[in-house]
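Descriptive structure summary
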Amino acid sequence: MCLRRLLPSSRLIQTFSGHKKIFDLIRGKLIMKHVMGIIGYGGMGKHHHKHICEEIKDITVKGAYDINKEKWDVIKERGLSVYESAEALMADKEVDIILVSTPNNWHKYYSIMALKAGKNVVCEKPVMMNSGELKEVMAVAKECGKVFTIHQNRRWDRDYLLVKRALENGSIGKPFYIESRVDGSRGIPGDWRCTKVAGGGMMLDWGVHLIDQMLMLYPQNKVTEIYAQVLNLKYDEVDDNLKINMKFDNGVCALIEVGTYHFIPLPRWHICGDKGTMCIQNWDSGADIVRAKSSEMNWEQGIVYTAAGPTRTMAPRPKETIEQTHIPIDDKKSVHLFYENVIDAIDGKAELIVKPSEAMRSMLFMEACFKSSNEGICVKENI
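Predicted, not measured: the structure shown is a model, and the values here were computed from it. (Residues numbered from 1 in each chain as written. Predicted model: local features only at pLDDT ≥ 70, side-chain atom pairs only at ≥ 80, totals over all residues. Heavy atoms only, no water.)

**Focus on the overall build of the protein**
Keep this limit in mind: Here a helix means four or more residues in a row that DSSP labels H or I, a strand means two or more in a row labelled E, and each is numbered from the N terminus. Partly exposed residues are those whose accessible area sits between 20% and 50% of the maximum for their type, while under 20% is buried and over 50% is exposed, using a 1.4 Å probe and protein chains only. Contact criterion: two residues are considered in contact whenever any of their non-hydrogen atoms come within 4.5 Å of each other. Accessible areas in this description were obtained via Shrake-Rupley with a 1.4 Å probe; residue shielding takes into account the shown protein chains only.
Within the protein one finds nine helices and 19 strands. The buried share of the protein, taken over its 383 residues, is 48%. Within the protein, residue pairs in contact and separated by at least 24 positions form 68% of the contacts whose partners lie at least 6 positions apart. Total accessible area computed for the protein in this model is approximately 19,500 Å², and 52% of it derives from carbon and sulfur atoms.

Here you go:
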């Protein structure tokens, strides 16, 4: 199992507030370890299990429950205990964190069950099917006094952190247009993600990541305008392509795009500021920044003849008026910071980084996108 190997003398089981906790005795210091149980041992459940085993020293994964009994052998093969029901997992007093990694339509049910059982909850994205469900879960978490958070792990993506730092340090001046997109050409995996009842579709799958990233670039600014085109190109039940135009109250405009039938990808990020432009082609390409040495242009050269014909406005800038910089991608991945923050929040040492209120903002945003697309209108909001 993924229990970290400990000498018998270095492991203590102690009852604390009616729950069993695991402690390590290291150099005479008592350190509490948290114990996780997983509900839903599909692709993401396995991913979390592997990641925690390799990276998170203060969490031990004890076991898992999956409604599909065919997965029970896989759970055993990976060294975990098999719980034959969700109720059995909730009754395990040693477990204090529940990971909900089921299809989306079960997130509310299992999150509330876990919170009422006195467990802290990490829920896979999207947090819920809609904002109403999230409101219910947030109320239960508050009532039970337990930590409830969402696995918005792409806040630690290296390309996103490059963008965030560039905007914060003014590398391209004041931004006025931000494009964020992911392109694929393979369609949607042929599982529950293709069904409406399970919460399938790209808005809730990839869109929620890009929306969360964009909103967290300006957490204090409201989104005032949303115009979305959400398409069912290859799938009748769920959306498979989407394009969202939006505007913040600080004047910054943005585009979010998710495509599953794009055979020539566009840049992952393209950001225009009043002093330059930043482009990130793909996940690991790093950032290219082209800046103007001076905001003033000398127009005395007159008409410039280009492949597009005679023009001055759209002619290339003279090379001596610009400077180019390449910022390599950071080799250090920091996805472990999500779980380290969850541990600190449970232990009362830090605030949650991924707050339910932020997930609510994303849910309200997505609902506005569906409204915009369904009615063919620009939705005026303050999200």
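What follows continues from the structure just given.
**Thoughts on the sheet that holds strand 14 (residues 276–280)**
As a reminder, the rule being used: Should DSSP find at least two bridges between two strands, the strands are regarded as paired. To get an axis, fit a line to the C-alpha atoms, keeping to the stretch in contact for a helix; angles then go from 0 to 180 degrees between the N-to-C directions.
Pairing in this open sheet of nine strands is mixed, and the strands run 18-15-14-13-9-12-11-10-19 from one edge to the other. With partners counted over all chains shown, the strands left at the sheet margins are strand 18 (322–327) and strand 19 (379–380), one partner each. Note that strand 10 (residues 223–231) and strand 19 share two bridges and pair antiparallel. Paired with E225 across the bridge in strand 19 is K380. Where helix 6 (residues 158–169) meets the sheet, its contacts fall on strand 9 (175–183), strand 13 (269–273), strand 14, strand 15 (287–292) and strand 18, and the angle it forms with strand 14 comes to roughly 170°. Across the sheet, helix 7 (residues 202–217) lies against strand 9, strand 10, strand 11 (241–248), strand 12 (253–259) and strand 13, angled at about 155° from strand 12, the strand it touches most.

**Some thoughts on the pattern of salt bridges**
To be explicit about the condition: Throughout this description, the term salt bridge denotes a Lys or Arg side-chain nitrogen within 4 Å of a carboxyl oxygen of Asp or Glu.
Scanning all chains against the criterion turns up 19 salt bridges. The salt bridge involving E136 is made with K108; its shortest N-O contact spans 3.0 Å. Placement of E136 in helix 5 (residues 131–144) and of K108 in helix 4 (residues 107–116) is noted, with a sequence separation of 28 residues between them. In this structure E136 comes out as partly exposed when scored by relative accessible area, which is 39%. The partly exposed category is assigned to K108, whose relative accessible area is 23%. Notably, a salt bridge pairs D212 with R155, separated by 2.8 Å at the nearest N-O pair. With D212 in helix 7 and R155 in the loop between strand 8 (148–150) and helix 6, the pair connects residues that are 57 residues apart, well separated along the chain. Accessibility classification places D212 together with R155 in one group, the buried group. Through salt bridges with shared partners, a single network forms among E179, R181, K243 and E257.

**A closer look at unusual backbone geometry**
Omega for the bond connecting K125 with P126 falls within 30 degrees of zero, at -10°, which places this linkage in the cis form. Take P126: it is sitting in the loop between strand 7 (120–123) and helix 5.

**Notes on the packing of helix 5 against helix 9 (residues 356–375)**
Spelled out, the test is: Working definition: roughly parallel below 35 degrees, roughly antiparallel above 145 degrees, roughly perpendicular at 65 to 115 degrees, and oblique for all remaining angles. Each crossing gets its handedness from the near helix: less than a right angle anticlockwise from the far helix is left-handed, clockwise is right-handed.
Contact geometry for helix 5 and helix 9: axes closest at 9 Å, N-to-C directions at 165°. In terms of their interaxial angle, helix 5 and helix 9 are classed as roughly antiparallel. When you trace helix 5 past helix 9, the crossing you get is left-handed. In this structure, helix 5 contributes S131, L134, K135 and M138 to the contact, and helix 9 contributes P356, S357, A359, M360, M363, L364 and E367.

**Quick notes on the nonpolar core**
Inside soluble globular proteins, nonpolar side chains tend to come together where they are buried. Quick reminder of the rule: Residues belong to one nonpolar core when they are buried, are Ala, Val, Leu, Ile, Met, Phe, Trp, Tyr or Cys, and are joined through side-chain atoms within 4.5 Å.
Formed by 100 residues in total, the largest nonpolar core has its most connected members in F148, I178, I244, M278 and F365. It is helix 7 that provides the largest number of residues to this core, a total of ten residues. Residue contacts for M278: discarding those within four places in its chain leaves L162, V163, A166, I172, W269, H270, I271, A287, D288 and I289.

**Observations regarding the packing of aromatic side chains**
Inclusion rule: Each aromatic pair joins two rings of Phe, Tyr and Trp (for Trp, the six-membered one) with centres within 6.5 Å, and gets the label stacked for planes under 30 degrees apart, edge-to-face for over 60, and tilted for any other angle.
All told, the structure shown has nine aromatic pairs when counted by the stated rule. Where W206 meets W283, the ring centres are 5.9 Å apart and the plane angle is 40°; that geometry is what we call tilted. Separated by 77 residues along the polypeptide, W206 in helix 7 and W283 in the loop between strand 14 and strand 15 bring together distant segments of the chain. A relative accessible area of 24% means that W206 is categorised as partly exposed.

**A few points about the pairing of strand 13**
Counting buried positions over the five residues of strand 13 gives four, a clear majority of the element. Two elements, strand 9 and strand 13, share five bridges in a ladder whose sense is antiparallel. Considered in strand 13, the bridge of I178 is made with I271.

**Thoughts on the confidence of the model for the protein**
Detail in the predicted coordinates should be disregarded across regions flagged by low pLDDT. Put simply, the test is: Every residue carries a pLDDT, the predictor's confidence in it, which falls somewhere between 0 and 100.
Taken over all residues, the pLDDT of the protein has a mean of 90, while the share at 70 or more is 90%. Per-residue pLDDT stays below 50 along residues 1–20; that stretch engages in 50 contacts with residues further than four places along the chain or on separate chains. Low pLDDT, under 50, characterises residues 25–30; the predicted model gives this stretch eight contacts beyond four residues in sequence or across chains.

**Here we look at the environment of I256**
Relative to the helices and strands, I256 resides in strand 12. Not counting residues up to four positions away in its chain, the partners in contact with I256 are S180, L210, I211, M214, L242, K243, I244 and M246.

**Thoughts on helix 8 (residues 336–346)**
Where burial is concerned, most of helix 8 is hidden: eight out of the eleven residues are buried. Those residues of helix 8 that fall on the buried side of the exposure criterion are H336, F338, Y339, N341, V342, I343, A345 and I346. Positive backbone phi, at 75°, marks G348, one or two positions downstream of helix 8.

**Let's talk about the environment of A139**
Note that A139 resides in helix 5. Of the residues examined, A139 reaches a relative accessible area of 43% and is grouped as partly exposed. Note: C-alpha distance between A139 and I112 (27 residues apart in sequence) is 9.7 Å.

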